[in-house]
Amino acid sequence: MCAKPFFFCLLRSSNNILCNRFKMDSAEDKFCLREVLVSFKSCLLNDDKDVLVEHYLTGWKGLVRFMNTLGTVFSFVSKDAVTKIQIMENYLKGDNGERYRTLRSMVEYELSGNLVDLTKRSSHPDSGCRTLLRLHRALRWLQLFLEKLRTSSEDSKTSTLCSEAYNDSLANYHPWLIRKTASVAFFALPTRNTFFEVMNVGSPDVVVEMLGEALPYVSKVYDFTQELYVQRNLLDLP
Ligand SMILES: CCCCCCCCCCCCC/C=C/[C@@H](O)[C@H](COP(=O)(O)O)NC(=O)CCCCCCCCCCCCCCC
């Protein structure tokens, strides 16, 4: 990604942010983070030994919608997430869609058919396995960030919580320019209380309770995927 459009997007965003931030249309009014996190519960299959790709993507689409309510400053993140979700949805809708029904079946299908670039992006630059790995790494960020939000005090800075979670997860896979841009964007995050309001779940106490109930499911999805990718040696796909 080249530097100019990246920073241009941020500058333009900062102009728009005051009028766009936290403004929701009627569809978004109904948005509730609880429903999004429930998708991560409903994607678990067979005693947490597999994950339904369709529901996993439903969870991600909800998260992207949530991020979009935080202002255009995060559009560079949302665009990348949407691109990856679309790649996965195209596989699901395609002729071999049944092979992409679960993470286990996708990995088996792509590896047995030599459909994954293992060392260098070449003939299969957007395999399901590598695309999902990017979302999986981002899920680790989400898990860390929401856990920090859940256990933080009322006066905690969301930008600090977010960047700590980012530095302990996704940042390890991002080049300097993206790390810098992300760290600037984090300053645009709303306060903890406003964040909780946008989640549309209820009072801060109810949000904390909801996160306590929902986060274990996000962790189960993360842990299953991590184990599957370790077993098949897929954690470093280019
Ligand atoms: C609360 C909002 C804060 C969002 C911050 C998210 C962490 C910052 C991520 C920065 C990603 C920058 C965009 C570009 C990434 C790509 O280079 C990079 C590598 O892709 P490639 O190998 O194909 O080149 N892509 C990725 O690592 C995947 C990133 C996907 C990020 C999805 C983040 C979705 C966040 C959803 C927010 C929901 C918040 C809910 C909290 C209540």
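Remember, predicted model here, so these are calculated numbers, not experimental data.

The number of helices and strands found in the protein chain is eleven helices and two strands. Ordering the α and β elements of the protein chain from the N terminus gives α-α-α-β-β-α-α-α-α-α-α-α-α. Scored against the burial criterion, the 238 residues of the protein chain give a buried share of 46%. A separation threshold of at least 6 residues defines the contact pool for the protein chain, and within that pool the share at least 24 residues apart is 72%.

Taken as a whole and judged by the stated rule, the model has eight salt bridges. Between E89 and K61 there is a salt bridge; the shortest N-O distance is 2.6 Å. Remark: K61 occurs in helix α4 (residues 53–68) and E89 occurs in helix α5 (residues 75–93); sequence separation between them is 28 residues. The class for E89 is partly exposed, based on a relative accessible area of 21%. The exposure class of K61 is partly exposed, given its relative accessible area of 38%. A salt bridge links R101 to E98, with the shortest nitrogen-to-oxygen separation between them at 3.7 Å. A residue is classified by how much of its surface remains accessible, and R101, at 40% relative accessible area, is partly exposed.

What follows is about the site of the ligand. Around the ligand, 26 residues are found, and the nearest of them are D80, K84, R130, R134 and H174. Side-chain polar atom of R130 to an oxygen atom of the ligand: 2.9 Å apart, as the coordinates give it. Side-chain polar atom of R134 to an oxygen atom of the ligand: 3.0 Å apart, as the coordinates give it. A total of 930 Å² of accessible area belongs to the ligand in isolation, and the protein chains cover 92% of it. Contributions of two or more residues to the shell around the ligand are made by α4, α5, α7 (128–151), α9 (176–186) and α10 (192–199). It is α7 that provides the largest number of residues to the shell around the ligand, a total of six residues. Across the shell around the ligand, the residue classes tally to 21 nonpolar, one polar and four charged.

Further remarks concern the confidence of the model for the protein chain. In the predicted model, the protein chain carries a mean pLDDT of 89, and 87% of its residues have values of at least 70. Here residues 1–28 is modelled with pLDDT under 50, and outside its nearest four sequence neighbours on either side it reaches 38 contacts, counting other chains as well.

Each pair of aromatic rings is reported with the distance of its centres and the angle of its planes. The tally for this structure, following the rule as stated, stands at seven aromatic pairs. Arranged with centres 5.3 Å apart and planes meeting at 15 degrees, the rings of W141 and F145 form a pair that is stacked. Of this pair, W141 and F145 both sit in helix α7, four residues apart, which is roughly one turn of the helix. Like F145, W141 is buried. Aromatic pair Y166 and F186: ring centres 5.5 Å apart, planes at 75 degrees, arrangement edge-to-face. With Y166 in helix α8 (residues 158–167) and F186 in helix α9, this pair connects stretches of sequence that are 20 residues apart. On the basis of relative accessibility, which here comes to 4%, the residue Y166 falls in the buried class. Taking relative accessible area as the criterion, F186 reaches 8% and is therefore assigned buried. A cation over an aromatic ring shows up here: R137 above the ring of Y173, its NZ or CZ 3.8 Å from the ring centre. Its guanidinium or amino end placed over the ring of Y222, R140 lies 5.6 Å from that ring's centre, counting from NZ or CZ.

Bringing unusual backbone geometry into the picture now. Here the phi dihedral of N46 falls at roughly 45 degrees; this positive angle occurs in a residue that is not glycine. Assignment of secondary structure puts N46 in the loop between β1 (44–45) and β2 (50–51). Unusually for a residue other than glycine, N200 sits at a positive phi of about 60 degrees. Mapped onto the fold, N200 is located in the loop between α10 and α11 (204–231).

The rules behind these values
Residues numbered from 1 in each chain as written. Predicted model: local features only at pLDDT ≥ 70, side-chain atom pairs only at ≥ 80, totals over all residues. Heavy atoms only, no water. Helix = DSSP H or I, 4+ residues; strand = E, 2+ residues; numbered from the N terminus. Buried < 20%, exposed > 50% of the residue type's maximum accessible area, 1.4 Å probe, protein only. Contact = heavy atoms within 4.5 Å. Salt bridge = Lys/Arg side-chain N within 4 Å of Asp/Glu carboxyl O. Near = heavy atom within 4 Å. Polar contact = N/O pair within 3.5 Å; in protein donor to acceptor, adjacent residues only side chain to side chain. Areas by Shrake-Rupley, 256 points an atom, 1.4 Å probe, with all protein chains shown as cover. Nonpolar A, V, L, I, M, F, W, Y, C, P; charged D, E, K, R; others polar. pLDDT = per-residue confidence, 0-100. Phe/Tyr/Trp six-rings, centres within 6.5 Å; stacked < 30°, edge-to-face > 60°. Lys NZ or Arg CZ within 6 Å of the ring centre and 35° of its normal.

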